[in-house]
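Spelled out, the chains give:
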Amino acid sequence: GQIFRLEDYQPSNYLIPEIALDFRLDPQETLVTATLTVERIARAPADAPLILDGDGLTLEALRINGEEAATDSHDVSPDRLTITRLPASRQFELTIVTRIAPAMNTTLMGLYVSNGVFCTQCEAEGFRRITYFLDRPDILSVYTVRMEADRSEAPLLLSNGNPVEKGVLADGRHFAVWHDPFPKPSYLFALVAGDLGVVKDRFTTASGREVDLGIYVEHGKEERATYAMDALKRSMRWDEDRFGREYDLDVFNIVAVSDFNMGAMENKGLNVFNDKYVLADHDTATDADFANIEAIIAHEYFHNWTGNRITCRDWFQLCLKEGLTVFRDHEFSADQRSRAVKRIAEVRGLRAHQFPEDQGPLAHPVRPRRYREINNFYTATVYEKGSEVVRMLCTILGSEAFRAGMDLYFDRHDGQAVTIEDFVKSFEDASGRDLSQFSLWYHQAGTPNVALSSRYDGNKNALTVEIEQSVPPTPSENRKRLMHIPLAFGLVGPDGSDLDYESVEGANVENGVMHLRRRRHQITFKGVTARPVLSINRGFSAPVTLSVEINANEQLFLARHDSDPFSRWQALNTLLTGALITASKSVRGGKKPVFDDEIISITADLAADETLEEAFRALTLSVPGEADVAREIGRDIDPDTIHAARKALLLAIAQAGGETFRKLYDGLLDNAPFSPDARSAGRRALRNTLIEFLTLDDANPAAAYRQFEDADNMTERAGALTVLAQHFHDTAEGRAALAAFEERYSNNPLVLDKWFQIQAMIPSAETVSLIRNLMKHPQFLLANPNRVRALVGTFSMANQTAFHSADGEGYRLVAETVTALDRHNPQVAARLATAFRSWRSLEKGRREHARKLLSEMARRDDLSRDLADILERTLA
Ligand code: B3K
Ligand code: ZN
């Protein structure tokens, strides 16, 4: 397949300042008439051909300046329309008529039908499935969209921008016209037509613009969209307060659809959402669902400035909008909830998803230099590491200079399609700092490692820290340059508060941050009056791995006393991970795992410490996952031994917690009516963490079953069901709870997804056949991405023992699903296939099973470009 390279970027010879689209909507056969104002740029030769992108299109008619185009003036295929004979004038009009079949479109890219609703998804390259176009983000056009449809099938007709006209037509049809005054790239085009219910509200912007807000959902589900509406209004206000960014149209609409390839899409003025990220009430959604809805509503809304008003020059610049917008939504959630808890969750997510990507065959820089299929680059690296890079920029510059840089960026580039270089330059110019070494974070793949040791000289009152950075090699990048790594730190004194120092040499140290720029630094702090414990990478200021020479006592000290809550959690997490690695080695050697009493007791102590917020205590009590431990072990992994070690640790904590945990659990029960706020969610999180220990300590499912039955909200109901499925799936209680849940929610596919998910995680030799059966469940549909992700996606990502089962049957299940899915929906198939990305780090038997299946899949000659690309890179 063709490889696209950053260095080959060429500006287009033609621009399309305006486009009028006319849709005769029909599920089987939709006619699309696109009228383009085309402009040849001044320096292009007059005979430059106009090459328009298509994807599976049928051309019905082509007119140039209103005249039918001669057959020898152009060359057409489903994937391309090349016009070689064009008017001599620099500006002319093209009319293109195409015919498409939305109901047959299973890829969920372009125009398709979901549950009877016409909707579109154009990012990255879906617009070319609607009409021939210069389908690239640096072509910005003003859109006018006219839609015509059956009035009873599609009473609602929406597109980008503001509504301008509507009316009734003959034969039970009607039409609407929308106009978007802001020039935009084709990937932000959207249309929705169908019969939906709506929640309406209003928002007045800081400068007094009245905005009509609408969230469209299936009839009867309107109540469940009220939380999303609230989150939207809070997002709009926050972007004004924090970044000075106001909304710019008279309407802002969100539509929830049930068939969607990802979370949501930021189309200008018309966001389209996976209904999973809109619909919530306490009976059907967990606190995690509420938090996700809040974050994704905010994310898509924030794109209006970071992505839409200022967009990407080309798809290599994807992180320009995604990394930045993730940073913005993280900050929003941190302000709405607990900053420390949010930060810990972000770092756990980064380590679980981005680190394995960066450390495996699919590693790529935050700004990639080449791709075969751009849809495979909507990755944790582009999004999450991209956000970490922006966070570091903020740490390095300080929040004032950071804000000045953002303001300059908005000022300078509003209405443009730009690059990462333009973005970084705004910060250089606003702050007067040289960010060239810092920019390597965008260009160099791999997770840097920082090795560190320290010694204290009591006679001289001096602490000396030796630091060395290294960046591991990644595919096609062997030699790495030295990075600028900002490490926030503290010198924690004997009473737990940070010690001062008089002077420092060996590196630039300011505002509690060491700036590493060389391979090695020897940093000496003078005037340190007592022996400190070094707390390093506070708040996870840099996305690196650490190799620190620090003994367990110092780590325990930090877990109890560090003033930075993130670092307290991190210290404990490091201890627990270390204990699990040692324990799994014991298991592998046929020995019984043993755990240090101190580690067990501190975990129990922190959980019970009422001076800490409940959500934080729940996090300290969540033992690192099996995948976290596997990642730290890094090679020759045997998931069964990790599972056994972790189970032993859970038991040890459960027994140590005993009565204390029971009292704590009972004390957290409150009779207040349900509220999704952070504090209440924290209490539920802690209860859910405790119930696992209580049932393990009892060796009996009764307590979890009671919670399952008594729960008045989904968080506690699903939490209890998870514990039952994880540890007691073959007991009467386990079976009864699963059956009751299925029965209660049999008509709600989004909730049934939780039931699929919880079963997909059962650590049992029977799980593969259980999943094969569940795939025959009447509510399971291979065509629906949410169902596939809930059942097979969860299995591959969150069931270490069964997915990696020693006989290779887990791999076979996923491989078969990927192959079957690839024929309908290549994007989701390719994403599912990334579950194999760490196959080389497994022990030999499993590695061989994975290699065989991957090679078999790769040999097929009917693979999509999406899947072929993932398989090829995974095997390379
Ligand atoms: N920009 C979209 C993602 C599009 C994915 C295309 N394969 C959602 C988001 O990041 O906000
Ligand atoms: Zn985004």
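All values derive from a computational prediction rather than experimental measurement.

**Some remarks on the overall build of the protein chain**
Moving on, step 1. Within the protein chain one finds 26 helices and 33 strands.
Moving on, step 2. Computed over its C-alpha atoms, the radius of gyration of the protein chain comes to 28 Å, within 12% of the 29 Å expected for a compact globule of 876 residues.
Moving on, step 3. On the principal axes, the C-alpha backbone points of the protein chain span a range of 90 × 65 × 60 Å.
Moving on, step 4. In the protein chain, which comprises 876 residues, the proportion classed as buried is 52%.
Moving on, step 5. Taking contacts inside the protein chain between residues at least 6 apart in sequence as the whole, the part at least 24 apart equals 70%.

**Here we look at the sheet that holds strand β7 (residues 74-77)**
Moving on, step 1. The sheet built from 3 strands is open, its strands ordered β4-β8-β7 with antiparallel pairing. Both outer strands of the open sheet, β4 (50-53) and β7, are each paired with one neighbouring strand and no more. On average, each strand axis in the sheet is inclined to that of its neighbour by 10°, with strand direction left out of account.
Moving on, step 2. Bridge count between β7 and strand β8 (residues 80-83): 4 bridges; the pairing is antiparallel. When the sheet's bridge partners are listed, S77 is paired in β8 with R80.

**Quick look at the packing of helix α4 (residues 339-358) against helix α10 (residues 565-588)**
Moving on, step 1. In contact at an axis separation of 9 Å, α4 and α10 are set at 40° when each is read in the N-to-C sense. Viewed along their axes, α4 and α10 adopt a mutual orientation that is oblique. For the pair α4 and α10, the crossing hand works out as right-handed. Each of A340, R343 and I344 in α4 lies in contact with α10, whose residues at this interface are P565, F566 and W569.
Moving on, step 2. Taken together, the residues of the contact of α4 with α10 break down into 5 nonpolar, no polar and 1 charged.

**Description of the sheet that holds strand β13 (residues 156-159)**
Moving on, step 1. The strand order across the open sheet formed by 4 strands is β10-β11-β16-β13, and the pairing between neighbours is antiparallel. Each of the sheet's edge strands pairs with one partner strand only, and the pair in question is β10 (110-114) and β13. Each neighbouring strand pair of the sheet contributes to a mean axis angle of 15°, computed without reference to strand direction.
Moving on, step 2. Summarising the sheet, β13 and strand β16 (residues 191-194) pair through 4 bridges and their orientation is antiparallel.

**Considerations on the pairing of β16**
Moving on, step 1. Of the two faces of β16, the one holding L191 and A193 and the one holding V192 and G194 are both buried throughout.
Moving on, step 2. Both strand β11 (residues 117-121) and β16 contribute to a ladder of 2 bridges, which runs antiparallel. Bridge pairing in β16 links C119 to V192.

**So, the environment of S497**
Moving on, step 1. Here S497 lies in the loop between β27 (485-492) and β28 (503-505).
Moving on, step 2. We classify S497 as exposed; it has 12 C-beta atoms within 10 Å.
Moving on, step 3. Spatially, the C-alpha atoms of S497 and L157 are 61 Å apart, while their sequence positions differ by 340 residues.

**Some thoughts on unusual backbone geometry**
Moving on, step 1. Residue A124 is reached from E123 by a cis peptide bond, and omega for that bond is 0°.
Moving on, step 2. With respect to the helices, strands and loops of the structure, A124 is situated in the loop between β11 and β12 (141-150).
Moving on, step 3. Here the phi dihedral of N65 falls at roughly 50°; this positive angle occurs in a residue that is not glycine.
Moving on, step 4. The residue N65 is located in the loop between β5 (58-64) and β6 (67-68) in this model.

**So, the site of ligand 1**
Moving on, step 1. Inspection of the region around ligand 1 gives E123, A124, M262, A264, M265, E266, H299, E300, H303, E322, N375 and Y378 as its neighbouring residues.
Moving on, step 2. Among the secondary structure elements, those contributing two or more residues to the shell around ligand 1 are β20 (264-265) and α2 (287-302).
Moving on, step 3. Classifying every residue of the shell around ligand 1 gives 5 nonpolar, 3 polar and 4 charged.

**Here we look at the UniProt feature "domain: Aminopeptidase N-like N-terminal" (unreviewed entry) in the protein chain**
Moving on, step 1. On the UniProt side, "domain: Aminopeptidase N-like N-terminal" (unreviewed entry) is annotated at positions that read residues 21-188 here.
Moving on, step 2. Its end C-alpha atoms 14 Å apart, residues 21-188 is made of 0% helix and 53% strand.

**Some words on the pairing of strand β14 (residues 162-168)**
Moving on, step 1. Within β14, only 0 of the 7 residues are buried, which leaves the element largely exposed.
Moving on, step 2. Summarising the sheet, β14 and strand β15 (residues 173-184) pair through 6 bridges and their orientation is antiparallel. Across the sheet, residue N162 finds its bridge partner in β15, namely H179.

**Digging into the nonpolar core**
Side chains of nonpolar character tend, in soluble globular proteins, to be buried together.
Moving on, step 1. In this structure, V192 and V278 are the most contacted members of the largest nonpolar core, which totals 257 residues.
Moving on, step 2. With residues near it in sequence (within four places) discarded, V278 still touches I215, V217, A225, A228, I254, A256, F273 and I293.

**With respect to the environment of F355**
Moving on, step 1. For F355, the position within the fold is in helix α4.
Moving on, step 2. Taking the C-alpha atoms as reference points, F355 and T381, 26 residues apart in sequence, are found 8.4 Å from one another.
Moving on, step 3. Apart from the residues within four sequence positions on either side, F355 is in contact with L350, T447 and R631.

Quick notes on the rules
Residues numbered from 1 in each chain as written. Chains lettered and ligands numbered in written order. Predicted model: local features only at pLDDT ≥ 70, side-chain atom pairs only at ≥ 80, totals over all residues. Helix = DSSP H or I, 4+ residues; strand = E, 2+ residues; numbered from the N terminus. Rg over C-alpha atoms; globule rule 2.2 N^0.38 Å. Buried ≥ 20, exposed ≤ 12 C-beta atoms within 10 Å, placed from the backbone. Contact = placed C-beta atoms within 7 Å. Pairing = 2+ DSSP bridges. Axes fitted to C-alpha atoms, helices over the stretch in contact; angles between N-to-C directions. Parallel < 35°, antiparallel > 145°, perpendicular 65-115°, else oblique. Left-handed = near helix turned anticlockwise from the far one by under 90°. Nonpolar A, V, L, I, M, F, W, Y, C, P; charged D, E, K, R; others polar. Near = placed C-beta within 6 Å. UniProt positions renumbered as here; feature names shortened; annotations may be inferred. Core = buried A, V, L, I, M, F, W, Y, C linked by C-beta atoms within 7 Å.

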